[in-house]
Amino acid sequence: QHRLRTLAHMLTSIRRSVEARPTTKPVIRRQATHIYTSRADARARIAKESPTLQHTETWFETLVSGREYLPTRMWWVVQLVTTSVTLADIYFSNSPPSLFGGAAAAAADGKNQTSWWRIPPHAHDTLLGLLSLLLAFRTSQAYDRWWEARKLWGQIVNSTRNVASNAAVFMTDLERKRRVIKATICFAWCTKASLRGVRPTSDEIAELASEEMLTAMVTPYVVPLGRRPTLHLEPSEYEQALLEQGEPYDHLPMMMVDEMKAGVRDELDETVGAKGSAAEVHEGWKIVIGNDIKSLVDALGGCERIQKTPMPFGYLAQQRIFMLLWLLSYPLAIAGDYKWWTAVVCAFVSFIMLKVDAISVEIEHPFTTEVHDLPLEAICITIEKNLLEILRRAESRELRPVESPVYNRRSPQTARQHWDATRPRNRSGVAFLGGGDANGGAAAVRG
């Protein structure tokens, strides 16, 4: 009977706790949740307007890409000159025009088909080997710049994830977490815009920066005023308007770095004393976030080094001059054998060489908006999606239901009091399944 009464009390307690649960869905206190939907729409617009291509590297896509079949502008000049040289060689040569070369004509006429202005073919082939080495070295150096830029952006991706994750886990204030994570996302967008010499668009930084920062960031660049040899001391209308509006921010990525460090500084001001001395706390945050922020600045400096250091002009000029002379003199080396087909052969060879040179020029500047440059929009979209996911998880840990007593977070003392008040008891008032102390609990279990 005693065991039955204990079981009945336990079932009654379980039924009351179930009936006490709210039937409505608990209200979650989520602030700024609209940022996820609005940023998703903005990312979709940015991806749609991205100038860079996302290739699949299939044979079909490679062969049907019409842009790769278009010749460069220099090709038309070279083709015009080589065609003129071919016509002049045929006109002034001793042999009559022949469609399929001079060998058959020489056998028929028994004459020597050589002319004094022609270049020996083997000499031109020797120069072709040297020109091939120059083109291969140029292409290799251009690809090294492109790949180095991609590795630096990979470093930016990893460092931004580390900064956001550490801020979400180790910072104590939710608003401070949002501030640091949003500034980290803005750093990626501002770095992309700075490397292209433009301002970030409103779609790229909307809902991520304050109104004041947003206005300053999307303002076009203002050229600094130079000294003017004037005697008047009154500022001009342009100068007066500039003084009233204020100077726009010039280097936006470093402004975002300062914003991240400001969030860390506020966290330090709050945790010094509560979690140790100032030296210990500063050293801890330097390990947690400071090294990742330094990595972001290092990657930014590496990208700017690539952007502001083009290929040496002397090497570029000598290689192009040598290639142009070789292409223009190529008809003189093959006109004796190919005759009218010389123009076609020269067009094919010049198309390949000039196209390789154009690709080298295109990939040695990897931050522009050409189709073969780095897909910076796609990289920034990846960074933003990952960091907003980290922020969403941080908000889910911090923001809890406020209306439901069942789902509401309780301290350990409050949870213990709630459990003691709802446990079943016997007629003497002693709680079953353990009492308030060790003796009482043992007596209840024995009873």
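Just so you know, these numbers come straight off a predicted model, no measurement behind them. (Residues numbered from 1 in each chain as written. Predicted model: local features only at pLDDT ≥ 70, side-chain atom pairs only at ≥ 80, totals over all residues. Heavy atoms only, no water.)

Visitor: So what exactly am I meant to see when it comes to the confidence of the model for the protein here?
Guide: If pLDDT is low for a region, its predicted coordinates should not be looked at in detail. Here the protein averages 74 in pLDDT, while 67% of its residues score no lower than 70. Here helix H17 (residues 438-446) stands out as the least confident element of the protein, with mean pLDDT 39; helix H7 (residues 174-195) is the most confident, with 91. Contacts for the low-pLDDT stretch residues 24-32, under 50 throughout, to residues beyond four places or in other chains number 20 contacts. A low-confidence stretch, residues 401-412 stays under pLDDT 50, and its non-local contacts, those more than four residues away or across chains, total 18 contacts. (pLDDT = per-residue confidence, 0-100. Helix = DSSP H or I, 4+ residues; strand = E, 2+ residues; numbered from the N terminus. Contact = heavy atoms within 4.5 Å.)

Visitor: Before we go on, may I ask you to explain H7 in this structure?
Guide: Count 3.6 residues to each turn of an α-helix, and residues three or four apart come out pointing the same way. When the terminal C-alpha atoms of H7 are compared, their 32 Å separation across 22 residues agrees well with the 32 Å that a helix rising 1.5 Å per residue should span. Judged by how many residues are buried, H7 sits mostly within the fold: 20 of 22 residues are covered. Backbone nitrogen of glutamate 175 and a side-chain oxygen of the N-cap are separated by 3.2 Å at the start of H7; the cap is aspartate 173. The first or second residue beyond H7 is glycine 197, which carries a positive phi of 75 degrees. (Expected span 1.5 Å × (residues − 1). Buried < 20%, exposed > 50% of the residue type's maximum accessible area, 1.4 Å probe, protein only. Polar contact = N/O pair within 3.5 Å; in protein donor to acceptor, adjacent residues only side chain to side chain.)

Visitor: How do you make sense of a nonpolar patch on the surface when you look at a structure like this?
Guide: Taken together, the side chains of Met74, Val77, Leu80, Val81 and Leu324 present a nonpolar region at the surface, about 390 Å² in accessible area. With 4 residues, the single largest contributor to the nonpolar patch is helix H4 (residues 73-92). A relative accessible area of 30% places leucine 324 in the partly exposed class. (Patch = residues over 30% accessible without salt bridge, like charges linked within 9 Å, V, L, I, M, F, W, Y side chains within 5 Å. Areas by Shrake-Rupley, 256 points an atom, 1.4 Å probe, with all protein chains shown as cover. Salt bridge = Lys/Arg side-chain N within 4 Å of Asp/Glu carboxyl O.)

Visitor: Explanation requested: the state of the cysteines in the structure shown.
Guide: In a disulfide, the sulfur atoms of two cysteines are covalently bonded to one another. This structure, assessed with the given rule, holds 0 disulfides. Of all cysteine sulfurs in the structure, the one in cysteine 190 sits closest to cysteine 380, which takes part in no disulfide; the separation is 9.5 Å. On the basis of relative accessibility, which here comes to 1%, the residue cysteine 380 falls in the buried class. (Disulfide = S-S within 2.5 Å.)

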